[in-house]
Amino acid sequence: MRDPAHIRILSVDDHPLMREGIAAIIRNEPDMELVAEASCGREAIQGYRDHRPDITLMDLRLPDIGGIDAMIAIRTEFSEARIIMLTTFEGDVEIQRALQAGAQGYMLKTMPRKQLVETIRRVHAGKKYIPPEIAAHLADHLGEDTLSKREVEVLQKIAGGNRNGDIAALLFISEETVKGHVKHIMEKLGASDRTEAVAIGIRRGFIHL
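As a starting point, this report considers the structure included with it. The model shown is predicted, which means the values in this text are computed figures rather than measured ones.

As for the pairing of strand β1 (residues 7-12)
Alright, step 1. Burial of β1 is extensive: six of the six residues sit out of reach of the surface.
Alright, step 2. Residues I7, I9 and S11 of β1 are buried on one face, and the alternating residues R8, L10 and V12, pointing to the opposite face, are buried as well.
Alright, step 3. Here six bridges tie β1 to strand β2 (residues 32-38), and the two strands are oriented parallel to one another. Considered in β2, the bridge of V12 is made with A38.
Alright, step 4. Both β1 and strand β3 (residues 55-59) contribute to a ladder of four bridges, which runs parallel. Residue pairing across strands places V12 opposite M58, the latter belonging to β3.

Written out as structure tokens, the structure is:
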């Protein structure tokens, strides 16, 4: 039987210590109950089906399909799902993608325990919540050009140490086309060289190593 006085929570994270920490926080809150845990995206989707939690705490980085894709899958099947993304990363690109995909909250794992439980209660009450620090970070990049899917692919190959000729072969495009993509990447990111472009791309969440 569901207890209407309790906020029922599904915790999704591939690190056991992180899950244990979240479980300990929830146990100390009289209005919350941890109903299930998952260590990957596919387990999260099945866990949601089995338990229909009020709130899902979803790690952004998971070993299989990734937190945002798991959230999209859950919300495609259960449009009422309320999901809060938890991450150690502050990249504006990932934050925007998560919010556009339907996340009701976005939190950094380094934030205080009190902020986590307050966010859970806000989202359970039907509100969205983005901490001021993250909102300010998003505002810093408003109006900036985003990278196309192909430009992200090229930047990822650059990060892997590939030269233009290597990238052309890997992506089955001409070297001139690669040069054009590299030029646009540098302009959009405001980078002075390829190394800086990779650093900015990682920091903003366009690519991952």
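Picking up where we left off.
Some points on the pattern of salt bridges
Alright, step 1. Per the stated rule, a full pass over the model turns up 14 salt bridges.
Alright, step 2. With a shortest N-O distance of 2.8 Å, R97 and D69 are connected by a salt bridge. Taken together, the residues span a long stretch of sequence, with R97 in helix α4 (residues 92-100) and D69 in helix α3 (residues 67-77) at a distance of 28 residues.
Alright, step 3. Judged by relative accessible area, which is 36%, D69 ranks as partly exposed.
Alright, step 4. It is possible to trace a salt-bridge network through shared partners that takes in E29, D31, R113 and R121.

A look at the nonpolar core
Alright, step 1. Core analysis: the largest hydrophobic core is formed by 43 residues, its most contacted members being I9, I55, L57, M58, I74, M85 and I120.
Alright, step 2. Setting aside anything within four residues of it in sequence, one finds I9 in contact with I26, M32, E33, L34, V35, A36, P53, I55, L57 and I120.

Some remarks on helix α7 (residues 149-159)
Alright, step 1. Every buried residue belonging to α7 is among E151, V154, L155 and I158, and all of these are buried. Looking straight down α7, one finds its buried side chains confined to an arc of 100 degrees; they lie on one side.
Alright, step 2. Residues of α7 that are buried make contact with α8 (164-171), α9 (175-189) and α10 (194-204).

Rules of the game
Residues numbered from 1 in each chain as written. Predicted model: local features only at pLDDT ≥ 70, side-chain atom pairs only at ≥ 80, totals over all residues. Heavy atoms only, no water. Buried < 20%, exposed > 50% of the residue type's maximum accessible area, 1.4 Å probe, protein only. Helix = DSSP H or I, 4+ residues; strand = E, 2+ residues; numbered from the N terminus. Pairing = 2+ DSSP bridges. Salt bridge = Lys/Arg side-chain N within 4 Å of Asp/Glu carboxyl O. Core = buried A, V, L, I, M, F, W, Y, C linked by side-chain atoms within 4.5 Å. Contact = heavy atoms within 4.5 Å. Arc of directions from axis to C-beta.

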